Amino acid sequence: MSCCGSPRLAVREFPVPFDTWWFRLPRFEHERGSAAELLPDFQGKEVLLTFVRPEYYQIAYFTEKGADPRLRAEGVERFRERVARLRPQYADRVDEITSMDDLHLLDVRLNRLAGDWHMAGLLMIGDAAHAMSPAGGMGINLAIQDAVAAATYLAEPLLEGRVTSHDLARVRRRRRFPNVNGVVPARGGRSLIVIQSNTGKLYRIRLATRDVSEIPLKGGPLSSGDSITPVSGDRLLITRNVQNQIVTVRLGASGASVTKVYRDATFRYPTAAVVHRGRLLVPNSQFDKWEQDDPELPFTVSAVPLKNVLGVR
Ligand SMILES: Cc1cc2nc3c(=O)[nH]c(=O)nc-3n(C[C@H](O)[C@H](O)[C@H](O)COP(=O)(O)OP(=O)(O)OC[C@H]3O[C@@H](n4cnc5c(N)ncnc54)[C@H](O)[C@@H]3O)c2cc1C
């Protein structure tokens with residue numbers, strides 16, 4: 001159903017600074033007890049993350065992206081030393097790593113197919129449609145959910161031998177929402193309004209039917225839309241993190257339109273907004289710091305008069 005790499009389906013890559021190498025070490029009889037613990041060890045650019053299993057330790061070694069040829073050239077003895085240095089309790093068992101072939105490289109990728117997930121006779125799902133960081137089991141979870149959606153929509157047409165491109169497109173439509181950020185109930189409570197960060201499009205989800213429809217947005221799209229805050233009437237405030245903006249959107253019967261774009265010199269990647277006593281409180285998320293530098297502490301919250309944001313007197 002899916003395989004990686006197709007010249008006709010464009011991939012958008014996001015930078016990832018690390019790769020991981022997975023391996024196992026034994027958990028001796030006298031150590032056995034609770035399982036499902038997570039043990040992190042950090043040193044400089046290296047991380048060892050141990051998942052405690054009943055009879056063994058499942059271990060991920062993290063270091064900078066592209067280090068695989070260097071690590072393998074350095075050889076197994078050097079790698080055993082790294083592991084024992086990061087977690088000295090393993091010094092008595094690192095010999096169980098018999099060669100560098102015991103390490104399984106995960107070339108960590110973060111990418112998305114920019115447009116369709118299908119072409120005639122082919123549907124991309126899982127890693128082929130959107131490779132994720134392994135954190136939190138996201139890669140495997142999304143892949144399984146994609147497979148469930150594909151089975152749901154395609155089982156019948158496949159059995160009847162009549163799969164169309166419309167059927168294939170339905171799978172993506174059902175599954176393209178993992179990066180929806182802001183979610184608010186619409187007036188009346190029968191539907192939700194959501195913003196999808198990567199496309200900057202607004203959607204309405206009807207709660208009774210789960211139907212999803214795009215809301216035409218005059219003045220949009222609002223890419224990097226991160227949160228939606230309802231204010232009086234049919235107005236919504238949308239934070240745009242990368243753009244350092246808060247955008248006022250008025251919802252009408254046939255669509256929505258941008259009525260004001262507000263910027264403030266104190267914003268640093270606003271990701272949420274809360275109305276409090278006539279002011280808007282906006283956390284500054286310092287996205288510019290998360291890859292290399294430590295964030296500046298303490299984190300700050302900008303407070304701006306709501307009437308300025310809305311552009312009313
Ligand atoms: C070492 C390692 C550790 C990982 N750890 C985690 C983790 O902790 N958490 C997490 O969420 N994710 C993790 N992942 C990622 C996770 O495995 C994937 O996100 C998930 O398996 C994606 O499922 P998939 O069905 O899209 O692709 P895969 O599981 O990769 O399945 C693709 C299948 O297609 C087959 N295939 C490829 N090319 C062809 C071809 N030309 N013809 C026929 N068949 C083909 C492959 O053999 C494979 O069976 C890890 C991956 C690796 C490699």
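Fair warning: this is a prediction, and the values are worked out from it, not measured in the lab.

### Here's the deal with helix α4 (residues 165-175)
Right, on to step 1. Every buried residue of α4 is accounted for by Asp-167, Leu-168, Ala-169, Val-171 and Arg-175.
Right, on to step 2. Looking at the buried positions of α4, the neighbouring elements they touch are β8 (118-119), β9 (122-123) and α3 (138-159).

### Section: the domain arrangement of the protein chain
Right, on to step 1. One can read the domain layout of the protein chain as domain 1 (17-106), domain 2 (110-174) and domain 3 (179-310).
Right, on to step 2. Between domain 2 and domain 3, the C-alpha centre-to-centre distance is 29 Å.

### Some thoughts on the sheet that holds strand β5 (residues 56-64)
Right, on to step 1. Taken together, five strands build an open sheet; the order of strands is β3-β4-β5-β2-β6 and the sheet is antiparallel. Taken across any chain shown, the strands that pair with only one partner, and hence form the sheet edges, are β3 (38-43) and β6 (104-106). On average, adjacent strands in this sheet sit at an angle of 20° to one another, irrespective of strand direction.
Right, on to step 2. In this structure, strand β2 (residues 18-26) lies alongside β6, joined through three bridges in antiparallel fashion. Its bridge partner being in β6, Thr-20 is matched across the sheet by Leu-106.
Right, on to step 3. Contacts from helix α2 (residues 76-86) reach β2, β3, β4 (46-52) and β5, with the element oriented near 75° to β4.

### Re the pairing of strand β17 (residues 245-251)
Right, on to step 1. Among the seven residues in β17, six count as buried, and that is most of the element.
Right, on to step 2. With six bridges joining them, strand β16 (residues 235-240) and β17 adopt antiparallel strand pairing. Bridge pairing in β17 places Ile-238 opposite Val-247.
Right, on to step 3. Hairpin connection between β16 and β17: a loop of four residues separates the two successive antiparallel strands, and Asn-244 in this loop has a positive phi of roughly 55°.

### Quick look at the site of the ligand
Right, on to step 1. All residues adjacent to the ligand are Trp-22, His-104, Leu-106, Ile-125, Gly-126, Asp-127, Pro-134, Gly-137, Met-138, Gly-139, Ile-140 and Ala-143.
Right, on to step 2. In the model, an oxygen atom of the ligand is placed 2.8 Å from a nitrogen or oxygen of the Asp-127 side chain.
Right, on to step 3. Protein chains bury 45% of the 1000 Å² of accessible surface belonging to the ligand in isolation.
Right, on to step 4. Elements supplying a minimum of two residues to the shell around the ligand: β6 and α3.

### A word on the environment of Gly-233
Right, on to step 1. Inspection of the secondary structure puts Gly-233 in the loop between β15 (225-230) and β16.
Right, on to step 2. Distance from Gly-233 to Arg-187, taken between C-alpha atoms, is 9.1 Å for residues 46 residues apart in sequence.

### Things to note about the pattern of salt bridges
Right, on to step 1. Scanning the model with the defined rule gives 23 salt bridges in all.
Right, on to step 2. Salt-bridge contacts for Asp-68 lead to Arg-72; the nearest nitrogen and oxygen are separated by 2.9 Å. Separated by four residues within a single helix, Asp-68 and Arg-72 lie in helix α1 (residues 68-74), roughly one turn from each other.
Right, on to step 3. Salt-bridge contacts for Asp-146 lead to Arg-175; the nearest nitrogen and oxygen are separated by 2.6 Å.

### A closer look at the sheet that holds strand β13 (residues 212-215)
Right, on to step 1. In spatial order, the strands read β10-β11-β12-β13; together these four strands make up an open sheet with antiparallel pairing. The open sheet has two edge strands with one neighbour each: β10 (180-185) and β13. Each strand of the sheet is rotated relative to its neighbour by a mean of 30°, with strand direction disregarded.
Right, on to step 2. Looking at chain direction, strand β11 (residues 191-196) and strand β12 (residues 201-206) are connected through six bridges and run antiparallel. The residue bridging Val-194 from the neighbouring strand is Tyr-203, located in β12.

So, how was this worked out
- Here, residues in each chain are numbered from 1, in the same order as that chain's written sequence.
- Owing to the predicted nature of the model, reporting of local features is limited to residues with pLDDT of at least 70; listing and counting of side-chain atom pairs is limited to 80 or more, with chain, interface and lining totals taken over all residues.
- As a rule here, side-chain values come from all non-hydrogen atoms in the structure, and water together with hydrogens is ignored.
- For every residue, the accessible area (1.4 Å probe, protein chains only) is compared with the maximum for its type, and the residue is labelled buried under 20%, exposed over 50%, or partly exposed between those bounds.
- Think of it this way: any DSSP run of H or I at least four residues long counts as a helix, any run of E at least two long counts as a strand, and we number them from the N terminus.
- Only heavy atoms matter for contacts: two residues are in contact if any of them lie within 4.5 Å across the pair.
- Segment limits for the domains were obtained from an automatic or database-derived domain assignment.
- For two strands to be treated as a pair, DSSP must find no fewer than two bridges joining them.
- Comment: axis = line fitted to C-alpha atoms, over the contacting stretch for helices; angle = value between 0 and 180 degrees taken between N-to-C directions.
- Consider each residue's heavy atoms; a residue with any of them within 4 Å of a molecule or strand counts as near.
- Each polar contact in these results corresponds to two N or O atoms within 3.5 Å; when the atoms are within protein, one needs to be able to donate a hydrogen and the other to accept it, and residues that are neighboring in sequence are counted only if both atoms are side-chain atoms.
- The method behind every accessible area is Shrake-Rupley, applied with a 1.4 Å probe, and residues are considered shielded solely by the protein chains displayed.
- Salt bridge, as used here: a side-chain nitrogen of Lys or Arg that lies within 4 Å of a carboxyl oxygen of Asp or Glu.

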